[in-house]
Amino acid sequence: ALAVLGDDAPRKPLELRLVERRARKKERLARIVREYEPPSVDEAIRLYNCRFQELEATAGIEPGSVDLVLTDVPYDLDFVRQAPDLGEIAARVLKQGGVFCTYVGVANMAGMLAELSRHLTYRAVAFSSWSGEGPVLQQLQCVTQATPLL
């Protein structure tokens, strides 16, 4: 473990399990960095406004050719039924190591996560937040000042 950590090895005594955990984390990060291929700065960013079911045909997208799928889906519960299709398309068009990111409504975050996870690997959640007034979520009896991103 100390050999893996190299210059990042602890300077003070630590339990072996903590040193091993740090070493595994460093190895995992190194593997991710090796596998990540940043997008070319010469490539154009393309935006399309259409139903996601039509996107591959409209944009002529080839499988495994996309670095990022970024979307802001409808927040209503009816859209959750379409989430598996969205996940399937994203999984098909994304490059190895590509990223799918979507804004989701607070009330349907769990359902969207479950449905998208049929085809995509969940890594993290983030929140877009703001100050000031926020929308009232009647079904949850609360006011929110953040929108989750999966």
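**Overview of the overall build of the chain**
Scanning the chain for helices and strands turns up five helices and six strands. Listed by position from the N terminus, the elements making up the chain come as α-α-α-β-α-β-α-β-β-β-β. Counting across all 150 residues of the chain, residues that qualify as buried make up 25%. In the chain, once contacts between residues fewer than 6 apart in sequence are set aside, the share between residues at least 24 apart is 62%.

**Considerations on the environment of Leu55**
Looking at the element boundaries, Leu55 is found in helix H3 (residues 55-59). On the basis of relative accessible area, Leu55 is assigned to the partly exposed category, the value being 24%. Here the alpha-carbon distance between Leu55 and Ile89, two residues 34 residues apart in the chain, equals 9.1 Å. Once residues lying within four places of it in the same chain are set aside, the contact partners of Leu55 are Tyr48, Cys50, Gly60 and Ile61.

**Side note on the pattern of salt bridges**
All chains considered together, the criterion is met by five salt bridges. Across the pair Arg51 and Glu54 runs a salt bridge whose closest N-O atoms are separated by 3.9 Å. The exposure class assigned to Arg51 is partly exposed, which follows from its relative accessible area of 49%. Notably, a salt bridge pairs Glu56 with Arg92, separated by 2.7 Å at the nearest N-O pair. Residue Glu56 is located in helix H3, and its partner Arg92 is located in helix H4 (residues 83-93); the two are separated by 36 residues in the primary sequence. On the basis of relative accessibility, which here comes to 19%, the residue Glu56 falls in the buried class.

**Considerations on the environment of Leu149**
Looking at where Leu149 falls in the secondary structure, it is placed in strand S6 (residues 146-149). Sequence separation between Leu149 and Thr102 is 47 residues, and the spatial gap between their C-alpha atoms is 5.4 Å. Discounting residues that sit within four places of it in the chain, Leu149 has contacts with Cys101, Thr102, Tyr103, Ala124, Val125, Ala126, Phe127 and Ser128.

The rules behind each value
Each chain has its residues counted from 1, running along the sequence as written. The predicted nature of this model means local features are confined to residues of pLDDT at least 70 and side-chain atom pairs, given and counted, to a pLDDT of 80 or more, with totals for whole chains, interfaces and linings taken over all residues. Heavy atoms from the whole structure form the basis of all side-chain values; hydrogens and water molecules are not counted. Each helix corresponds to a stretch of at least 4 residues labelled H or I by DSSP, and each strand to a stretch of at least 2 residues labelled E; elements are numbered beginning at the N terminus. Throughout this description, buried means an accessible area under 20% of the type-specific maximum (1.4 Å probe, protein chains only), exposed means over 50%, and partly exposed covers the range between. Here a residue-residue contact requires only that any non-hydrogen atoms of the pair lie within 4.5 Å. Any Lys or Arg side-chain nitrogen found within 4 Å of a carboxyl oxygen on Asp or Glu counts as a salt bridge.

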